[in-house]
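# Residue-level structural notes
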Amino acid sequence: MNSDSVSEEEKAGMHRLEAHDPSTLAKPQDLMQYEMTIASASDLLARINPDHPEMSRIPKYVGQILRNSLTLITPTLDPIGVATDPLACSANHSCEPNASVLFDAPKLTMRSLAPIKKGEEVFISYVDNTDPFYRRQALLRLRYRFECKCSKCQLGIDGRENAWAKPLENLAPKWASLARDMDSTENYSAGPENYLGESKAEVDMSILQGSVYHDYEPIRQQKDNNLAIEALEKIMRTCKQSEMWPITRQPYANVRVDIASRMLDQNRVALALFQMAKTYFLIDPILYPQDFHPVRVVHTWNLAKTLVQAYSSPNDPSQTVDPGVEQLFQRGFDFVVPVWKLLKKLSVDVVKSHGARSRLTFMVHTLTEQVKDGIGMQNLVQIERDPLGMWREFEKWAHYLE
Ligand SMILES: C[S@@+](CC[C@H](N)C(=O)[O-])C[C@H]1O[C@@H](n2cnc3c(N)ncnc32)[C@H](O)[C@@H]1O
(Lines give C-alpha, C1' and ligand atoms only; values in the text may rest on other atoms or scores of the structure.)
Protein backbone atom coordinates (compact mmCIF):
# COMPACT_ATOMS: atom_id res chain seq x y z
CA MET A 1 0.00 0.00 0.00
CA ASN A 2 1.34 3.48 -0.83
CA SER A 3 1.17 5.75 2.19
CA ASP A 4 0.18 8.82 0.15
CA SER A 5 -3.00 7.40 -1.37
CA VAL A 6 -5.83 5.37 0.14
CA SER A 7 -8.07 3.64 -2.40
CA GLU A 8 -11.76 2.90 -1.84
CA GLU A 9 -10.85 -0.78 -1.61
CA GLU A 10 -8.35 -0.06 1.16
CA LYS A 11 -10.90 2.10 3.00
CA ALA A 12 -13.43 -0.76 2.80
CA GLY A 13 -10.68 -3.11 4.02
CA MET A 14 -10.05 -0.89 7.06
CA HIS A 15 -13.76 -0.90 7.94
CA ARG A 16 -13.88 -4.70 7.70
CA LEU A 17 -11.05 -5.20 10.22
CA GLU A 18 -12.17 -6.85 13.43
CA ALA A 19 -11.62 -5.01 16.73
CA HIS A 20 -10.67 -6.02 20.26
CA ASP A 21 -13.36 -4.89 22.67
CA PRO A 22 -12.90 -3.94 26.35
CA SER A 23 -13.93 -7.45 27.49
CA THR A 24 -10.71 -8.86 25.97
CA LEU A 25 -8.56 -6.52 28.05
CA ALA A 26 -7.78 -8.55 31.13
CA LYS A 27 -5.48 -6.20 33.03
CA PRO A 28 -6.90 -3.01 34.61
CA GLN A 29 -3.98 -0.95 33.25
CA ASP A 30 -4.72 -2.18 29.66
CA LEU A 31 -8.36 -1.18 30.07
CA MET A 32 -7.34 2.20 31.43
CA GLN A 33 -4.97 2.77 28.50
CA TYR A 34 -7.73 1.77 26.06
CA GLU A 35 -10.16 4.23 27.65
CA MET A 36 -7.59 7.02 27.78
CA THR A 37 -6.73 6.54 24.09
CA ILE A 38 -10.42 6.78 23.19
CA ALA A 39 -10.79 9.90 25.34
CA SER A 40 -7.73 11.59 23.77
CA ALA A 41 -8.79 10.76 20.20
CA SER A 42 -12.36 11.98 20.89
CA ASP A 43 -11.04 15.19 22.43
CA LEU A 44 -8.77 15.82 19.43
CA LEU A 45 -11.54 15.22 16.91
CA ALA A 46 -13.97 17.40 18.91
CA ARG A 47 -11.51 20.29 18.72
CA ILE A 48 -11.45 19.92 14.92
CA ASN A 49 -15.20 19.48 14.59
CA PRO A 50 -17.50 18.60 17.54
CA ASP A 51 -20.08 17.18 15.09
CA HIS A 52 -17.58 15.06 13.21
CA PRO A 53 -19.44 12.05 11.73
CA GLU A 54 -16.63 9.64 12.78
CA MET A 55 -16.87 10.57 16.50
CA SER A 56 -18.95 7.56 17.51
CA ARG A 57 -16.63 5.18 15.68
CA ILE A 58 -13.53 6.05 17.69
CA PRO A 59 -13.86 3.11 20.18
CA LYS A 60 -14.06 0.72 17.23
CA TYR A 61 -10.99 2.28 15.56
CA VAL A 62 -8.97 2.01 18.79
CA GLY A 63 -10.05 -1.65 19.13
CA GLN A 64 -9.05 -2.25 15.49
CA ILE A 65 -5.60 -0.76 16.10
CA LEU A 66 -5.14 -2.89 19.24
CA ARG A 67 -6.07 -6.07 17.38
CA ASN A 68 -4.37 -5.38 14.08
CA SER A 69 -1.35 -3.11 14.42
CA LEU A 70 1.96 -4.57 13.33
CA THR A 71 5.44 -3.34 14.23
CA LEU A 72 6.94 -1.70 11.15
CA ILE A 73 10.54 -2.46 10.33
CA THR A 74 12.77 -0.88 7.72
CA PRO A 75 14.44 -3.04 5.01
CA THR A 76 17.45 -3.22 7.35
CA LEU A 77 15.17 -4.39 10.19
CA ASP A 78 15.12 -1.31 12.40
CA PRO A 79 11.75 -0.89 14.14
CA ILE A 80 10.24 2.47 13.19
CA GLY A 81 6.66 2.37 14.44
CA VAL A 82 3.38 0.56 13.98
CA ALA A 83 1.04 0.20 11.01
CA THR A 84 -2.54 -0.90 10.55
CA ASP A 85 -2.74 -1.99 6.94
CA PRO A 86 -5.82 -3.97 5.82
CA LEU A 87 -3.87 -6.43 3.66
CA ALA A 88 -0.95 -7.11 6.03
CA CYS A 89 -3.35 -7.22 9.00
CA SER A 90 -5.46 -9.91 7.38
CA ALA A 91 -2.63 -12.42 7.87
CA ASN A 92 -2.82 -14.62 10.94
CA HIS A 93 0.22 -15.43 13.01
CA SER A 94 2.45 -18.50 13.04
CA CYS A 95 5.77 -18.91 14.85
CA GLU A 96 6.82 -20.80 11.72
CA PRO A 97 5.53 -18.28 9.16
CA ASN A 98 5.53 -18.71 5.39
CA ALA A 99 5.71 -14.93 4.76
CA SER A 100 7.21 -11.76 6.21
CA VAL A 101 6.21 -8.07 6.11
CA LEU A 102 8.77 -5.42 5.20
CA PHE A 103 8.38 -1.68 5.00
CA ASP A 104 10.35 -0.14 2.14
CA ALA A 105 9.01 3.41 2.30
CA PRO A 106 6.46 4.22 1.03
CA LYS A 107 5.56 0.59 0.35
CA LEU A 108 4.55 -2.19 2.70
CA THR A 109 5.33 -5.54 1.12
CA MET A 110 4.63 -9.16 2.03
CA ARG A 111 7.18 -11.67 0.79
CA SER A 112 7.11 -15.45 0.96
CA LEU A 113 9.58 -17.38 3.10
CA ALA A 114 8.51 -20.73 1.66
CA PRO A 115 6.58 -21.87 -1.43
CA ILE A 116 2.88 -21.05 -0.90
CA LYS A 117 0.35 -23.03 -2.91
CA LYS A 118 -2.80 -21.42 -4.25
CA GLY A 119 -5.44 -21.50 -1.50
CA GLU A 120 -2.90 -22.13 1.27
CA GLU A 121 -3.10 -19.74 4.23
CA VAL A 122 -0.46 -16.99 4.47
CA PHE A 123 1.02 -16.63 7.96
CA ILE A 124 3.36 -13.95 9.26
CA SER A 125 5.04 -13.79 12.68
CA TYR A 126 3.81 -11.11 15.07
CA VAL A 127 6.70 -11.69 17.49
CA ASP A 128 10.37 -12.68 17.35
CA ASN A 129 9.83 -16.33 16.49
CA THR A 130 13.34 -17.25 17.63
CA ASP A 131 12.28 -16.56 21.25
CA PRO A 132 11.52 -19.55 23.49
CA PHE A 133 8.02 -21.10 23.59
CA TYR A 134 6.59 -19.64 26.83
CA ARG A 135 7.83 -16.13 25.94
CA ARG A 136 6.20 -16.24 22.49
CA GLN A 137 2.98 -17.56 23.99
CA ALA A 138 2.91 -14.90 26.71
CA LEU A 139 3.59 -11.99 24.31
CA LEU A 140 0.93 -13.19 21.84
CA ARG A 141 -1.60 -13.57 24.65
CA LEU A 142 -0.78 -10.15 26.05
CA ARG A 143 -0.75 -8.15 22.82
CA TYR A 144 -3.04 -10.13 20.50
CA ARG A 145 -5.17 -12.14 22.94
CA PHE A 146 -4.85 -15.64 21.53
CA GLU A 147 -3.22 -18.98 22.29
CA CYS A 148 -0.83 -19.88 19.48
CA LYS A 149 -1.19 -23.49 18.37
CA CYS A 150 1.11 -23.32 15.32
CA SER A 151 3.38 -26.20 14.29
CA LYS A 152 6.27 -24.78 16.32
CA CYS A 153 4.14 -24.23 19.43
CA GLN A 154 2.77 -27.79 19.13
CA LEU A 155 6.33 -28.88 19.96
CA GLY A 156 6.09 -26.82 23.16
CA ILE A 157 9.37 -26.77 25.06
CA ASP A 158 10.75 -29.51 22.79
CA GLY A 159 11.24 -26.86 20.07
CA ARG A 160 14.89 -26.12 19.27
CA GLU A 161 14.80 -22.51 20.56
CA ASN A 162 14.10 -23.83 24.09
CA ALA A 163 17.27 -25.90 24.36
CA TRP A 164 19.69 -25.10 27.16
CA ALA A 165 23.40 -25.92 27.02
CA LYS A 166 23.06 -28.25 30.05
CA PRO A 167 20.29 -29.84 32.12
CA LEU A 168 18.88 -27.08 34.36
CA GLU A 169 19.83 -29.03 37.50
CA ASN A 170 23.47 -28.39 36.57
CA LEU A 171 23.24 -24.63 37.12
CA ALA A 172 26.19 -23.77 39.38
CA PRO A 173 25.12 -23.09 43.03
CA LYS A 174 26.59 -19.55 42.77
CA TRP A 175 24.14 -18.66 39.98
CA ALA A 176 21.23 -20.40 41.68
CA SER A 177 21.71 -18.35 44.85
CA LEU A 178 22.17 -15.16 42.80
CA ALA A 179 18.83 -15.93 41.12
CA ARG A 180 17.09 -16.42 44.49
CA ASP A 181 18.48 -13.07 45.71
CA MET A 182 17.33 -11.30 42.56
CA ASP A 183 13.84 -12.74 42.77
CA SER A 184 13.26 -11.39 46.25
CA THR A 185 13.50 -7.87 44.80
CA GLU A 186 12.51 -8.22 41.13
CA ASN A 187 10.07 -11.18 41.12
CA TYR A 188 11.05 -12.28 37.61
CA SER A 189 9.73 -15.78 38.33
CA ALA A 190 6.16 -14.41 38.39
CA GLY A 191 6.25 -13.23 34.74
CA PRO A 192 4.50 -15.73 32.41
CA GLU A 193 7.04 -14.81 29.69
CA ASN A 194 9.84 -16.20 31.90
CA TYR A 195 8.04 -19.38 32.97
CA LEU A 196 9.97 -22.62 32.48
CA GLY A 197 8.31 -25.02 34.93
CA GLU A 198 7.70 -25.63 38.63
CA SER A 199 10.87 -27.40 39.80
CA LYS A 200 13.48 -25.46 41.79
CA ALA A 201 15.94 -25.67 38.87
CA GLU A 202 13.31 -24.37 36.42
CA VAL A 203 12.35 -21.50 38.70
CA ASP A 204 16.02 -20.51 39.20
CA MET A 205 16.61 -20.47 35.45
CA SER A 206 13.39 -18.53 34.81
CA ILE A 207 14.74 -15.82 37.11
CA LEU A 208 18.11 -15.66 35.31
CA GLN A 209 16.34 -15.64 31.95
CA GLY A 210 13.95 -12.95 33.19
CA SER A 211 16.89 -10.81 34.34
CA VAL A 212 18.71 -10.93 30.99
CA TYR A 213 15.56 -10.08 28.98
CA HIS A 214 14.73 -7.35 31.50
CA ASP A 215 18.23 -5.86 31.16
CA TYR A 216 18.19 -6.20 27.36
CA GLU A 217 14.91 -4.51 26.51
CA PRO A 218 15.80 -0.88 27.44
CA ILE A 219 19.25 -0.99 25.76
CA ARG A 220 17.84 -0.37 22.27
CA GLN A 221 16.79 3.09 23.45
CA GLN A 222 20.22 3.84 24.98
CA LYS A 223 21.91 6.64 23.00
CA ASP A 224 25.28 6.39 24.77
CA ASN A 225 27.32 3.62 23.10
CA ASN A 226 29.64 3.13 26.09
CA LEU A 227 26.73 2.55 28.45
CA ALA A 228 24.98 0.30 25.92
CA ILE A 229 28.10 -1.83 25.37
CA GLU A 230 28.66 -2.13 29.11
CA ALA A 231 25.08 -3.35 29.59
CA LEU A 232 25.25 -5.73 26.60
CA GLU A 233 28.55 -7.16 27.86
CA LYS A 234 26.98 -7.81 31.27
CA ILE A 235 24.22 -9.86 29.60
CA MET A 236 26.74 -11.77 27.50
CA ARG A 237 28.76 -12.55 30.65
CA THR A 238 25.67 -13.95 32.39
CA CYS A 239 24.83 -16.13 29.36
CA LYS A 240 28.43 -17.31 28.99
CA GLN A 241 29.54 -17.69 32.61
CA SER A 242 26.38 -19.41 33.81
CA GLU A 243 27.26 -21.99 31.09
CA MET A 244 23.54 -22.47 30.40
CA TRP A 245 22.99 -20.55 27.16
CA PRO A 246 23.82 -22.08 23.79
CA ILE A 247 24.97 -19.24 21.51
CA THR A 248 21.75 -19.68 19.51
CA ARG A 249 19.40 -19.16 22.47
CA GLN A 250 17.76 -15.75 22.81
CA PRO A 251 18.44 -13.12 23.87
CA TYR A 252 22.15 -14.14 23.65
CA ALA A 253 22.04 -14.26 19.83
CA ASN A 254 20.35 -10.84 19.46
CA VAL A 255 22.67 -9.25 22.03
CA ARG A 256 25.68 -10.31 19.94
CA VAL A 257 24.25 -8.60 16.85
CA ASP A 258 23.62 -5.41 18.81
CA ILE A 259 27.06 -5.32 20.43
CA ALA A 260 28.72 -5.67 17.00
CA SER A 261 26.71 -2.74 15.67
CA ARG A 262 27.56 -0.56 18.72
CA MET A 263 31.27 -1.47 18.37
CA LEU A 264 31.21 -0.39 14.74
CA ASP A 265 29.88 3.00 15.81
CA GLN A 266 33.04 3.26 17.96
CA ASN A 267 35.30 2.15 15.09
CA ARG A 268 36.21 -1.10 16.90
CA VAL A 269 35.99 -2.74 13.49
CA ALA A 270 37.93 -5.99 13.99
CA LEU A 271 36.05 -6.90 17.18
CA ALA A 272 32.74 -6.19 15.45
CA LEU A 273 33.82 -8.32 12.49
CA PHE A 274 34.65 -11.30 14.72
CA GLN A 275 31.23 -11.10 16.39
CA MET A 276 29.49 -10.77 13.01
CA ALA A 277 31.43 -13.78 11.69
CA LYS A 278 30.17 -15.87 14.63
CA THR A 279 26.62 -14.80 13.85
CA TYR A 280 27.10 -15.52 10.14
CA PHE A 281 28.69 -18.98 10.43
CA LEU A 282 27.38 -20.45 13.67
CA ILE A 283 24.12 -18.74 14.65
CA ASP A 284 22.05 -17.50 11.71
CA PRO A 285 22.02 -20.81 9.78
CA ILE A 286 20.36 -22.38 12.86
CA LEU A 287 17.94 -19.57 13.71
CA TYR A 288 16.95 -18.74 10.12
CA PRO A 289 17.28 -21.90 8.01
CA GLN A 290 16.51 -20.19 4.67
CA ASP A 291 19.60 -18.47 3.13
CA PHE A 292 17.30 -15.71 1.91
CA HIS A 293 15.58 -15.07 5.25
CA PRO A 294 15.39 -11.24 5.56
CA VAL A 295 17.17 -11.23 8.93
CA ARG A 296 20.00 -13.39 7.61
CA VAL A 297 20.31 -11.26 4.47
CA VAL A 298 20.56 -8.05 6.49
CA HIS A 299 23.18 -9.52 8.83
CA THR A 300 25.21 -10.72 5.83
CA TRP A 301 24.91 -7.29 4.20
CA ASN A 302 26.23 -5.61 7.36
CA LEU A 303 29.13 -8.07 7.45
CA ALA A 304 30.00 -7.54 3.76
CA LYS A 305 29.80 -3.74 4.10
CA THR A 306 32.04 -3.82 7.17
CA LEU A 307 34.62 -5.99 5.42
CA VAL A 308 34.67 -3.48 2.54
CA GLN A 309 35.07 -0.63 5.03
CA ALA A 310 37.95 -2.44 6.79
CA TYR A 311 39.62 -3.27 3.48
CA SER A 312 39.46 0.30 2.20
CA SER A 313 40.29 2.02 5.51
CA PRO A 314 44.11 2.26 4.99
CA ASN A 315 43.57 4.11 1.69
CA ASP A 316 40.77 6.33 2.93
CA PRO A 317 42.04 9.55 4.59
CA SER A 318 38.59 10.11 6.18
CA GLN A 319 38.91 6.88 8.19
CA THR A 320 41.14 5.97 11.13
CA VAL A 321 42.43 2.43 10.73
CA ASP A 322 41.36 0.18 13.60
CA PRO A 323 44.48 -1.45 15.15
CA GLY A 324 42.73 -4.84 14.97
CA VAL A 325 42.24 -4.39 11.22
CA GLU A 326 45.88 -3.32 10.85
CA GLN A 327 46.92 -6.60 12.48
CA LEU A 328 44.78 -8.58 10.03
CA PHE A 329 46.57 -6.83 7.14
CA GLN A 330 49.95 -7.51 8.74
CA ARG A 331 49.09 -11.20 9.01
CA GLY A 332 48.42 -11.19 5.25
CA PHE A 333 44.64 -11.52 5.37
CA ASP A 334 43.10 -10.83 1.95
CA PHE A 335 39.70 -9.19 2.56
CA VAL A 336 38.77 -9.40 -1.12
CA VAL A 337 38.03 -13.15 -1.00
CA PRO A 338 35.27 -13.04 1.66
CA VAL A 339 33.96 -9.71 0.33
CA TRP A 340 33.48 -11.13 -3.15
CA LYS A 341 32.09 -14.47 -1.99
CA LEU A 342 29.57 -12.86 0.37
CA LEU A 343 28.41 -10.24 -2.13
CA LYS A 344 28.06 -12.71 -4.98
CA LYS A 345 25.66 -14.89 -2.97
CA LEU A 346 23.93 -11.93 -1.35
CA SER A 347 23.12 -10.46 -4.79
CA VAL A 348 20.91 -13.49 -5.42
CA ASP A 349 19.46 -13.88 -1.91
CA VAL A 350 18.46 -10.22 -1.51
CA VAL A 351 16.19 -10.40 -4.56
CA LYS A 352 14.30 -13.24 -2.87
CA SER A 353 14.22 -11.64 0.58
CA HIS A 354 13.47 -8.02 -0.31
CA GLY A 355 12.41 -8.03 -3.99
CA ALA A 356 14.15 -6.90 -7.16
CA ARG A 357 13.08 -3.29 -6.78
CA SER A 358 13.85 -2.74 -3.11
CA ARG A 359 16.33 -0.15 -1.96
CA LEU A 360 18.47 -2.79 -0.21
CA THR A 361 18.69 -4.84 -3.42
CA PHE A 362 19.85 -1.73 -5.25
CA MET A 363 22.54 -1.07 -2.62
CA VAL A 364 23.76 -4.68 -2.66
CA HIS A 365 23.92 -4.78 -6.48
CA THR A 366 25.68 -1.41 -6.66
CA LEU A 367 28.37 -2.44 -4.16
CA THR A 368 28.80 -5.83 -5.86
CA GLU A 369 29.40 -4.14 -9.23
CA GLN A 370 31.88 -1.69 -7.68
CA VAL A 371 33.81 -4.53 -6.03
CA LYS A 372 33.75 -6.55 -9.27
CA ASP A 373 35.11 -3.58 -11.24
CA GLY A 374 37.79 -3.06 -8.59
CA ILE A 375 38.90 -6.71 -8.80
CA GLY A 376 38.91 -6.79 -12.61
CA MET A 377 37.78 -9.74 -14.74
CA GLN A 378 41.28 -11.24 -15.03
CA ASN A 379 41.64 -11.49 -11.21
CA LEU A 380 38.12 -12.70 -10.52
CA VAL A 381 38.86 -16.35 -11.37
CA GLN A 382 41.85 -16.35 -9.04
CA ILE A 383 39.84 -14.76 -6.22
CA GLU A 384 37.13 -17.40 -6.65
CA ARG A 385 39.72 -20.22 -6.63
CA ASP A 386 41.14 -18.84 -3.38
CA PRO A 387 44.46 -20.72 -3.58
CA LEU A 388 45.69 -19.30 -0.24
CA GLY A 389 42.62 -20.51 1.66
CA MET A 390 41.40 -17.06 2.76
CA TRP A 391 37.80 -18.25 3.16
CA ARG A 392 39.02 -20.89 5.64
CA GLU A 393 40.90 -18.15 7.54
CA PHE A 394 37.74 -16.08 7.55
CA GLU A 395 35.73 -19.01 8.98
CA LYS A 396 38.16 -19.14 11.92
CA TRP A 397 37.06 -15.64 12.96
CA ALA A 398 33.81 -17.19 14.20
CA HIS A 399 35.78 -18.83 17.03
CA TYR A 400 37.98 -15.88 18.08
CA LEU A 401 35.57 -14.43 20.67
CA GLU A 402 33.17 -15.88 23.23
C1 LIG B 1 -4.01 -8.83 12.72
S2 LIG B 1 -5.41 -9.76 13.18
C3 LIG B 1 -5.35 -11.05 12.02
C4 LIG B 1 -6.56 -11.14 11.21
C5 LIG B 1 -7.70 -11.74 11.98
N6 LIG B 1 -7.87 -13.14 11.66
C7 LIG B 1 -8.95 -10.96 11.71
O8 LIG B 1 -9.76 -11.45 10.94
O9 LIG B 1 -9.10 -9.85 12.23
C10 LIG B 1 -4.87 -10.38 14.69
C11 LIG B 1 -5.89 -11.20 15.43
O12 LIG B 1 -6.18 -12.39 14.73
C13 LIG B 1 -6.28 -13.48 15.62
N14 LIG B 1 -5.21 -14.44 15.30
C15 LIG B 1 -4.12 -14.22 14.53
N16 LIG B 1 -3.37 -15.31 14.41
C17 LIG B 1 -3.98 -16.26 15.13
C18 LIG B 1 -3.68 -17.63 15.40
N19 LIG B 1 -2.59 -18.22 14.93
N20 LIG B 1 -4.55 -18.33 16.18
C21 LIG B 1 -5.66 -17.74 16.71
N22 LIG B 1 -5.99 -16.44 16.50
C23 LIG B 1 -5.17 -15.71 15.71
C24 LIG B 1 -6.12 -12.92 17.03
O25 LIG B 1 -7.38 -12.63 17.55
C26 LIG B 1 -5.38 -11.62 16.79
O27 LIG B 1 -5.63 -10.65 17.77
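Residues numbered from 1 in each chain as written. Predicted model: local features only at pLDDT ≥ 70, side-chain atom pairs only at ≥ 80, totals over all residues. Heavy atoms only, no water.

Looking at an unreviewed UniProt entry, one finds the chain named SET domain-containing protein and attributed to Aureobasidium pullulans.

### What about helix 14 (residues 359-375)?
The end-to-end C-alpha separation of helix 14 is 24 Å, in line with the 24 Å expected for 17 residues at 1.5 Å each. Residues of helix 14 that are buried: Leu 360, Thr 361, Val 364, Leu 367, Thr 368, Val 371 and Ile 375. Buried residues of helix 14 fall within an arc of 135° about the axis and therefore sit on the same side. Exposed residues pointing more than 90 degrees away from the buried face of helix 14 are listed as Phe 362, Gln 370 and Asp 373. If you follow the buried residues of helix 14, they end up packed against helix 11 (294-312), helix 13 (336-354) and helix 15 (377-385). Two to three positions downstream of the cap, the backbone nitrogen of Leu 360 sits 3.2 Å from a side-chain oxygen, assigning the N-cap of helix 14 to Ser 358. (Helix = DSSP H or I, 4+ residues; strand = E, 2+ residues; numbered from the N terminus. Expected span 1.5 Å × (residues − 1). Buried < 20%, exposed > 50% of the residue type's maximum accessible area, 1.4 Å probe, protein only. Arc of directions from axis to C-beta. Contact = heavy atoms within 4.5 Å. Polar contact = N/O pair within 3.5 Å; in protein donor to acceptor, adjacent residues only side chain to side chain.)

### Quick word on the packing of aromatic side chains
By the definition in use, this model includes 17 aromatic pairs. Each ring, one from Tyr 280 and one from Phe 281, has its centre 4.8 Å from the other, and the planes form 85°; the classification is edge-to-face. Taking the centre distance of 5.3 Å and the plane angle of 70° together, the rings of Phe 281 and Phe 394 count as edge-to-face. Of the two residues, Phe 281 is situated in helix 10 (residues 269-287) and Phe 394 in helix 16 (residues 390-396); the sequence distance between them amounts to 113 residues. Each member of the pair, Phe 281 as well as Phe 394, is classed as buried. Among the aromatic residues, ring-to-ring pairing joins Phe 274, Tyr 280, Phe 281, Tyr 311, Phe 329, Phe 333, Phe 335, Trp 391, Phe 394, Trp 397 and Tyr 400 into one connected group. When the ring centre of Tyr 252 is taken as origin, the NZ or CZ atom of Arg 256, which lies over that ring, is 5.1 Å away. The side chain of Lys 341 reaches across the aromatic face of Trp 391, ending 4.5 Å from its centre. (Phe/Tyr/Trp six-rings, centres within 6.5 Å; stacked < 30°, edge-to-face > 60°. Lys NZ or Arg CZ within 6 Å of the ring centre and 35° of its normal.)

### Quick notes on the packing of helix 13 against helix 15
Close contact between helix 13 and helix 15 brings their axes to 9 Å; oriented N to C, the two are set at 95°. Compared by their axis directions, helix 13 and helix 15 come out roughly perpendicular. For the pair formed by helix 13 and helix 15, the contact residues are Val 336, Val 337, Trp 340 and Lys 344 on the first element and Leu 380, Ile 383 and Glu 384 on the second. (Axes fitted to C-alpha atoms, helices over the stretch in contact; angles between N-to-C directions. Parallel < 35°, antiparallel > 145°, perpendicular 65-115°, else oblique.)

### A few points about the layout of surface pockets
Computed from the structure, the second largest pocket encloses a volume of approximately 530 Å³. Forming the boundary of the second largest pocket are 29 residues, of which Leu 17, Pro 86, Cys 89, Ser 90 and Ala 91 lie nearest the centre. Of the residues forming the lining of the second largest pocket, the biggest block, 4 residues, is contributed by helix 1 (residues 8-16). Of the residues in the lining of the second largest pocket, the class split is 14 nonpolar, 8 polar and 7 charged. (1 Å grid on protein atoms, 1.4 Å probe; cavity = no way out; pocket = protein on both sides within 12 Å on 5 of 7 lines; lining within 4 Å. Points joined across faces, edges and corners; volume = space filled by probe spheres on them. Nonpolar A, V, L, I, M, F, W, Y, C, P; charged D, E, K, R; others polar.)

### What to know about the site of the ligand
In the vicinity of the ligand, the contacting residues are Glu 18, His 20, Arg 67, Asn 68, Cys 89, Ser 90, Ala 91, Asn 92, His 93, Tyr 126, Tyr 144 and Phe 146. Taking His 93, its main chain carries an N or O atom lying 2.9 Å from a nitrogen atom of the ligand. Calculation on the ligand without its partners gives an accessible area of 560 Å², and the protein chains cover 77% of this total. Counting atoms within 2 Å of the grid points, the majority share of the ligand lands in the second largest pocket. Counting residues per element, the ones that place at least two in the shell around the ligand are helix 3 (58-68) and strand 3 (92-93). (Near = heavy atom within 4 Å. Areas by Shrake-Rupley, 256 points an atom, 1.4 Å probe, with all protein chains shown as cover. Sits in = over half its atoms within 2 Å of the grid points.)

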